[in-house]
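Spelled out, the chains give:
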There are 2 protein chains.
Amino acid sequence: MQIGELARSTGVKIETIRYYEREQLLPVPQRTDGNYRLYSPRDVEQLRFICYCRSLDMSLEEVRLLIGVLDTPSGSCLTVNALLDEKIAEVDARVNELHKLQDQLRQLRGFCQQPDEVKTCGILMELNRSAGIDKAQI
Amino acid sequence: MQIGELARSTGVKIETIRYYEREQLLPVPQRTDGNYRLYSPRDVEQLRFICYCRSLDMSLEEVRLLIGVLDTPSGSCLTVNALLDEKIAEVDARVNELHKLQDQLRQLRGFCQQPDEVKTCGILMELNRSAGIDKAQI
DNA sequence: CCTTGACCCTGAAGCCACTTCAGGCTTTTC
DNA sequence: GAAAAGCCTGAAGTGGCTTCAGGGTCAAGG
């Protein structure tokens with residue numbers, strides 16, 4: 001199949017597929033006489049694997065690592081476990097950060113219920129005040 | 001004060017300060033005879049304002065917008081309210097996404113409690129299954 | 001046979017928010 | 001007078017793509 005069909009059947013943009021090839025996440029495909037890329041069902045699977053890993057917030061570097069591990073079936077999967085543990089910790093930390101951010105944003109939003117003039121807008125006043133308080137505290 | 005002192009008193013790296021200047025988030029500073037940048041207390045405040053906005057996950061473009069609004073005190077703060085509402089919605093959406101991701105990652109992690117061989121590792125098998133691959137068959 | 005349009009190719013640049021690097025100038029301190 | 005600390009510029013690198021410019025290939029229709 002050509003790149004367009006691969007793109008349609010995985011939902012990945014053509015440019016992204018070519019990018020993954022450059023980044024060595026997909027093998028170099030065969031070519032037609034007209035220099036078109038030719039893919040096999042195996043390539044569809046590999047691309048799906050990449051997408052699924054990406055949907056789990058893994059970096060391309062991490063996906064590359066996983067693909068490498070998969071290619072040595074007799075090795076140990078220790079690195080996979082470590083990778084996942086790290087991911088989980090990262091996501092937990094990010095969620096905590098975002099929860100704090102939610103509180104801050106909602107509180108800030110409460111300072112201006114209806115449109116004011118800029119000079120009396122509670123949000124802008126609070127933004128300035130908070131920036132100044134950080135100054136006093138640090 | 002020179003750029004080094006501004007950096008120390010705000011915790012912002014020198015390179016980032018110069019970057020903010022290029023990006024027109026900080027005004028073009030005066031210079032000494034030796035071509036060193038000279039900053040005023042006003043600049044410290046503006047840089048702190050930028051940092052605080054960044055800590056609220058605003059883009060530099062959004063900070064630029066806020067600075068612009070602040071510079072016209074008699075204008076309306078409608079755009080500020082809209083900006084915050086949008087931010088809040090964004091963060092809420094991201095938190096929801098990450099919660100789902102947490103579940104997925106923890107579930108996946110459960111598939112391999114102790115180090116296996118790659119070919120029997122539950123995590124890798126599940127990753128493949130979810131993506132629609134079964135490398136064991138290849 | 002020719003053209004149109006869909007499809008494909010490459011390499012380079014753009015995005016964001018910085019960071020890093022290479023190479024050089026200024027000022028202070030010993 | 002020489003080293004060290006501080007500053008300068010412009011360019012390139014980061015990640016994960018996307019977009020762009022300027023082409024080549026191929027099947028169908030006139």
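The coordinates are above.
The following refers to the structure shown. (Residues numbered from 1 in each chain as written. Chains lettered and ligands numbered in written order. Predicted model: local features only at pLDDT ≥ 70, side-chain atom pairs only at ≥ 80, totals over all residues. Heavy atoms only, no water.)

## As for the protein's contact with DNA strand C
Part 1 of the argument: Around DNA strand C, a shell composed of 19 residues is seen, among which Gly4(A), Arg18(A), Arg37(A), Thr16(B) and Tyr19(B) lie nearest.
Part 2 of the argument: The separation between a phosphate oxygen of DNA strand C and a polar main-chain atom of Gly4(A) is 2.8 Å.
Part 3 of the argument: Those elements that provide at least two residues to the surface near DNA strand C are helix H1 (3-10) and helix H2 (14-22) of chain A together with helix H2 (14-22) of chain B.
Part 4 of the argument: Per-element accounting of the surface near DNA strand C gives the leading share, four residues, to H2(B).
Part 5 of the argument: Residue composition of the surface near DNA strand C, by class: seven nonpolar, six polar and six charged. (Near = heavy atom within 4 Å. Polar contact = N/O pair within 3.5 Å; in protein donor to acceptor, adjacent residues only side chain to side chain. Helix = DSSP H or I, 4+ residues; strand = E, 2+ residues; numbered from the N terminus. Nonpolar A, V, L, I, M, F, W, Y, C, P; charged D, E, K, R; others polar.)

## Here we look at the protein's contact with DNA strand D
Part 1 of the argument: What surrounds DNA strand D is a group of 19 residues, the closest being Thr16(A), Tyr36(A), Arg18(B), Tyr36(B) and Arg37(B).
Part 2 of the argument: Of what DNA strand D places within 4 Å of the protein, 75% of the atoms are sugar or phosphate.
Part 3 of the argument: A distance of 3.2 Å separates a phosphate oxygen of DNA strand D from a polar atom in the side chain of Gln2(B).
Part 4 of the argument: At 2.7 Å from a phosphate oxygen of DNA strand D is found a main-chain nitrogen or oxygen belonging to Arg37(B).
Part 5 of the argument: Elements that contribute at least two residues to the surface near DNA strand D include exactly H2 of chain A together with helix H1 (3-10) and H2 of chain B.
Part 6 of the argument: Broken down by class, the residue content of the surface near DNA strand D amounts to seven nonpolar, six polar and six charged.

## Re the relation of the copies chain B and chain A
Copy one and copy two of the chain differ by a rotation about an axis and a translation along that axis.
Part 1 of the argument: For the match of chain B to chain A, the screw axis carries a shift of 0.0 Å, the RMSD comes to 0.1 Å, and the turn is 180 degrees. The relationship between the two copies is best expressed as a two-fold rotation axis. When each C-alpha of chain B is compared by its distance to the rotation axis, Val95(B) comes out closest, at 3.1 Å. (Least-squares fit on C-alpha atoms with pLDDT ≥ 70 in both.)

## Notes on unusual backbone geometry
Residue and element names in this part refer to chain A.
Part 1 of the argument: At Gln24, a residue that is not glycine, the phi angle is positive and equals roughly 65 degrees.
Part 2 of the argument: Along the chain, Gln24 turns up in the loop between H2 and strand S1 (30-31).
Part 3 of the argument: Accessibility expressed as a relative area gives 65% for Gln24, which makes it exposed. (Buried < 20%, exposed > 50% of the residue type's maximum accessible area, 1.4 Å probe, protein only.)

## Some details on the state of the cysteines
Part 1 of the argument: Applying the stated criterion across every chain yields a total of zero disulfides over all chains.
Part 2 of the argument: Cysteine Cys51(B) shares no disulfide, and the gap to the nearest cysteine sulfur, in Cys53(B), comes to 9.3 Å. (Disulfide = S-S within 2.5 Å.)

## Section: the packing of H1(A) against helix H3 (residues 41-55) of chain A
Residues and elements named next belong to chain A.
Part 1 of the argument: Two elements in contact, H1 and H3, have axes separated by 10 Å at closest approach and are oriented at 45 degrees. Taken together, H1 and H3 sit at an angle that is classed as oblique. Handedness of the crossing formed by H1 with H3: right-handed. From H1, Leu6, Ser9 and Thr10 reach across to H3, where they touch Val44, Leu47 and Arg48. (Axes fitted to C-alpha atoms, helices over the stretch in contact; angles between N-to-C directions. Parallel < 35°, antiparallel > 145°, perpendicular 65-115°, else oblique. Left-handed = near helix turned anticlockwise from the far one by under 90°. Contact = heavy atoms within 4.5 Å.)

## Structural notes on the packing of aromatic side chains
Part 1 of the argument: For the coordinates displayed, the defined rule picks out two aromatic pairs over all chains.
Part 2 of the argument: When the centroid spacing of 6.1 Å and the interplanar angle of 45 degrees are considered together, the rings of Tyr19(A) and Tyr20(A) count as tilted. (Phe/Tyr/Trp six-rings, centres within 6.5 Å; stacked < 30°, edge-to-face > 60°.)

## Here we look at the interface of chain B and chain A
Part 1 of the argument: The interface is formed by 55 residues belonging to chain B together with 56 residues belonging to chain A.
Part 2 of the argument: Seen at the junction of chain B and chain A, the total is six salt bridges.
Part 3 of the argument: A salt bridge links Arg94(B) to Asp57(A), with the nearest nitrogen and oxygen atoms 3.3 Å apart.
Part 4 of the argument: Here chain B is connected to chain A by 10 residue pairs in polar contact (both at pLDDT 80 or more). (Salt bridge = Lys/Arg side-chain N within 4 Å of Asp/Glu carboxyl O.)

## Quick word on the nonpolar core
Part 1 of the argument: Ranked by size, the top nonpolar core spans 79 residues in total, and within it Leu127(A), Leu124(B) and Leu127(B) carry the most contacts.
Part 2 of the argument: Contact partners of Leu127(B), with chain neighbours within four places excluded, come to Phe49(A), Tyr52(A), Cys53(A), Leu56(A), Leu66(A) and Leu108(B). (Core = buried A, V, L, I, M, F, W, Y, C linked by side-chain atoms within 4.5 Å.)

## A word on the side chain of Thr10(A)
Residue and element names in this part refer to chain A.
Part 1 of the argument: Mapped onto the elements of the fold, Thr10 is located in helix H1.
Part 2 of the argument: Of note is the side chain of Thr10, whose polar atom sits 2.8 Å from the backbone oxygen of Leu6.
Part 3 of the argument: Residue contacts for Thr10: discarding those within four places in its chain leaves Val44, Leu47 and Arg48.

## Digging into the packing of helix H4 (residues 60-70) of chain A against helix H5 (residues 78-109) of chain A
For any two helices packed against each other, one specifies the inter-axial angle together with the distance between the axes.
All names here are of chain A.
Part 1 of the argument: Contact pair H4 / H5: the axes reach a minimum separation of 10 Å and the direction vectors enclose 155 degrees. Taken together, H4 and H5 sit at an angle that is classed as roughly antiparallel. Seen along the crossing, H4 lies across H5 with a hand that is left-handed. Two secondary-structure elements touch here, H4 through Glu62, Leu65, Leu66 and Val69 and H5 through Thr79, Val80, Leu83 and Lys87.
Part 2 of the argument: Looking at side-chain class alone, the contact of H4 with H5 contains five nonpolar, one polar and two charged residues.

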